[in-house]
Amino acid sequence: MNIAKLMIPKVMTVTLHENSTVRQGLEVLARCRYTAIPVLDDQERYVGSVSEGDFLQHILRIGSTDLKQQEGYRIREILRRDFCPALNIEADFSVVVEAALRQNFVPVVDDRNTLCGIVTRRNLIAAMAQEQKSE
């Protein structure tokens, strides 16, 4: 099965930029209600993901929930670059399944590490169910 057929394209994916403020990240997280969001650099390359827990750890570390104060911090300061590793768009389907067992979504990148989109567990399970029905 082709990853490109399973993924949600980048234009339909909520992302943050590493230079965005923590306040902007909190606002996006509250609006979309996801538990984690992919983070991109200025060239649209995938650099990692940031989770609700990352924001919570940041708030506990600085000791403030004041949104104005959160404007002084950047997403790059709180993201974990090793969280939610990306797969190349050419990755084998079995590799995608294994990655989806460990993380809620799988970022998909091209050879330049530019984000192409994400594969969610929901899309993966739906595709596998559809494939089983057609057999």
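Chemist: Just to check I follow, could you spell out the sheet that holds strand S2 (residues 16-17) for this structure?
Modeler: Through backbone hydrogen bonds, the strands of a sheet pair up, either in parallel or in antiparallel fashion. The 3 strands are arranged S2-S3-S4 in an open sheet whose pairing can be described as mixed. Edge positions in the open sheet fall to S2 and strand S4 (46-51), since each of these has one partner strand only. Note that S2 and strand S3 (residues 36-40) share 2 bridges and pair parallel. When the sheet's bridge partners are listed, histidine 17 is paired in S3 with leucine 40. Contacts between helix H3 (residues 52-62) and the sheet are confined to S2 and S4, with S4 contributing the most and set at about 70° to the helix.

Chemist: Explanation requested: helix H5 (residues 93-102) in the structure shown.
Modeler: Within an α-helix, residues lying three or four positions from one another point in the same direction, as the helix has 3.6 residues per turn. When we look at burial in H5, the residues that qualify are Phe93, Val96, Ala99 and Ala100. Down the axis of H5, the buried set is contained in an arc of 120°. They therefore lie on one face. In H5, those exposed residues whose orientation departs by more than 90 degrees from the buried face are Leu101 and Arg102. Check the buried side of H5 and you find it contacts helix H1 (3-6), strand S5 (87-88), strand S6 (105-109), strand S7 (115-120) and helix H6 (121-134).

Chemist: Just checking my understanding: could you explain the nonpolar core for this structure?
Modeler: Soluble globular proteins tend to bury their nonpolar side chains together. Core analysis: the biggest nonpolar cluster contains 15 residues, and Val119 and Leu124 have the highest contact counts within it. When residues of this core are traced back to their parent elements, those giving at least two are H1, H5, S6, S7 and H6. Top contributing element to this core by residue count: H5, with 4 residues. Residues in contact with valine 119, not counting those within four places in the same chain, are Ile3, Leu6, Met7, Val96, Asn104, Phe105, Val106, Val108 and Leu124. The next biggest cluster of nonpolar side chains, apart from the first, holds 14 residues, and it includes Leu26, Ile37, Val47 and Val50.

Chemist: Mind showing me how you'd approach the packing of helix H2 (residues 22-32) against H3 here?
Modeler: For any two helices packed against each other, the geometry is given by the interaxial angle and the distance between the axes. Contact geometry of H2 with H3 gives a least axis separation of 11 Å together with a crossing angle of 135°. Relative to H3, the element H2 is oriented oblique. Pair H2 / H3 crosses with left-handed handedness. Across from Val22, Gly25, Leu26 and Leu29 in H2, the residues of H3 making contact are Glu52, Phe55, His58 and Ile59. By residue class, the composition of the contact of H2 with H3 is 5 nonpolar, 2 polar and 1 charged.

Calculation criteria
Residues numbered from 1 in each chain as written. Predicted model: local features only at pLDDT ≥ 70, side-chain atom pairs only at ≥ 80, totals over all residues. Heavy atoms only, no water. Pairing = 2+ DSSP bridges. Helix = DSSP H or I, 4+ residues; strand = E, 2+ residues; numbered from the N terminus. Contact = heavy atoms within 4.5 Å. Axes fitted to C-alpha atoms, helices over the stretch in contact; angles between N-to-C directions. Buried < 20%, exposed > 50% of the residue type's maximum accessible area, 1.4 Å probe, protein only. Arc of directions from axis to C-beta. Core = buried A, V, L, I, M, F, W, Y, C linked by side-chain atoms within 4.5 Å. Parallel < 35°, antiparallel > 145°, perpendicular 65-115°, else oblique. Left-handed = near helix turned anticlockwise from the far one by under 90°. Nonpolar A, V, L, I, M, F, W, Y, C, P; charged D, E, K, R; others polar.

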